[in-house]
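The chain contents come next:
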Amino acid sequence: MSSSLDGRTVVVIGRGSGLAHAVTLAARAHGADVVVAGRDQEALGNAYDDERITAEHVDVTDDDSIAALARRLGRVDHVVSTASARARGRLGELDREALRRSFDTKVIGPVMVAKHFAPHIAEGGSFVLFSGVAAFKPAIGYLGVAITNGAVDFLARSLALELGPIRVNAISPGVIDTGIWDSMGEEGKNAYFTGLRTRNPARRIGTPEDIADAVVFAMTNPFLTGVTLRVDGGEPLT
Ligand SMILES: NC(=O)c1ccc[n+]([C@@H]2O[C@H](COP(=O)([O-])OP(=O)(O)OC[C@H]3O[C@@H](n4cnc5c(N)ncnc54)[C@H](OP(=O)(O)O)[C@@H]3O)[C@@H](O)[C@H]2O)c1
């Protein structure tokens, strides 16, 4: 049986909108106190009006800031990292610096988060990392996204083995309209979304709440560890 998040502390790393926002609200709805942590503490603080949500500073590419956050918070139950700096583009457009930043944020950052937070995780606690559908359905223009998301899948399994009984899982969202597709332009985004909706077995685009639901499941199911939950409408099957 799943345990509730009542009385638990959940740390959600990322921005004050998008999937991190949905995860924060879902964790609160399940009874948790939430610490939202990211590069812009003020914006995070302004994103919520709830005394059981507190904002903290962390930059996952900066080990001192991760270690300081872990020290400041002390005992916590679950840590969710949504941080990402994707490197999109075809091979010819990719440069080393963008790929480095992407790996640093999405892969090495969570390794260091796990390193510094593991000693503070309460019994029954877990880490939830973010992978993504590009890892499981490669597409031209998404090489950099695929390899970082793929690394997160391996990372979750490696950490689960090493950190047990602390559980470690990853979530792989499909395409979710959180603003990250806006660079395609209104028309381009609509065409892309319509194509996905028509093709994928779920026949729709996912919502932030679909993903937040999976994060709550990963945090509360005591026998789930070392897996990537693919919440993607079946897109890789097409
Ligand atoms: N939305 C989708 O369709 C989709 C699909 C597959 C996977 N995902 C994954 O789901 C997660 C959340 O995605 P999202 O759509 O909500 O938007 P997102 O923009 O990818 O959210 C990630 C946020 O991480 C923050 N960040 C970047 N570098 C950081 C650092 N060094 N330290 C701390 N935070 C940092 C950024 O916020 P600030 O600029 O405020 O710091 C960024 O907006 C990501 O891991 C993403 O790759 C999303």
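Since the model is a prediction, treat every value here as computed from it, not as a measurement.

Trainee: Kindly report on unusual backbone geometry, identifying the contributing residues and their values.
Mentor: Going from Gly164 to Pro165, the amide bond is cis rather than trans, its omega being 10 degrees. At Arg203, a residue that is not glycine, the phi angle is positive and equals roughly 55 degrees. Within the secondary structure layout, Arg203 lies in the loop between α6 (185-199) and α7 (208-220). Taking the relative accessible area as the measure of exposure, Arg203 reaches 52% and is therefore exposed.

Trainee: Which residues make up the site of the ligand, and what are the values?
Mentor: Taken together, 24 residues are adjacent to the ligand, and Arg39, Asp59, Arg86, Lys106 and Thr178 come closest. Arg15 is positioned with one of its side-chain polar atoms (N or O) 2.8 Å from an oxygen atom of the ligand. Here an oxygen atom of the ligand and a backbone polar atom of Leu19 are 2.8 Å apart. Within the complex, 88% of the 860 Å² of free accessible area of the ligand lies under protein. Those elements giving two or more residues to the shell around the ligand turn out to be α1 (18-29) and α4 (96-117). Broken down by class, the residue content of the shell around the ligand amounts to 10 nonpolar, 9 polar and 5 charged.

Cut-off values and rules
- Residues numbered from 1 in each chain as written.
- Predicted model: local features only at pLDDT ≥ 70, side-chain atom pairs only at ≥ 80, totals over all residues.
- Heavy atoms only, no water.
- Helix = DSSP H or I, 4+ residues; strand = E, 2+ residues; numbered from the N terminus.
- Buried < 20%, exposed > 50% of the residue type's maximum accessible area, 1.4 Å probe, protein only.
- Near = heavy atom within 4 Å.
- Polar contact = N/O pair within 3.5 Å; in protein donor to acceptor, adjacent residues only side chain to side chain.
- Areas by Shrake-Rupley, 256 points an atom, 1.4 Å probe, with all protein chains shown as cover.
- Nonpolar A, V, L, I, M, F, W, Y, C, P; charged D, E, K, R; others polar.

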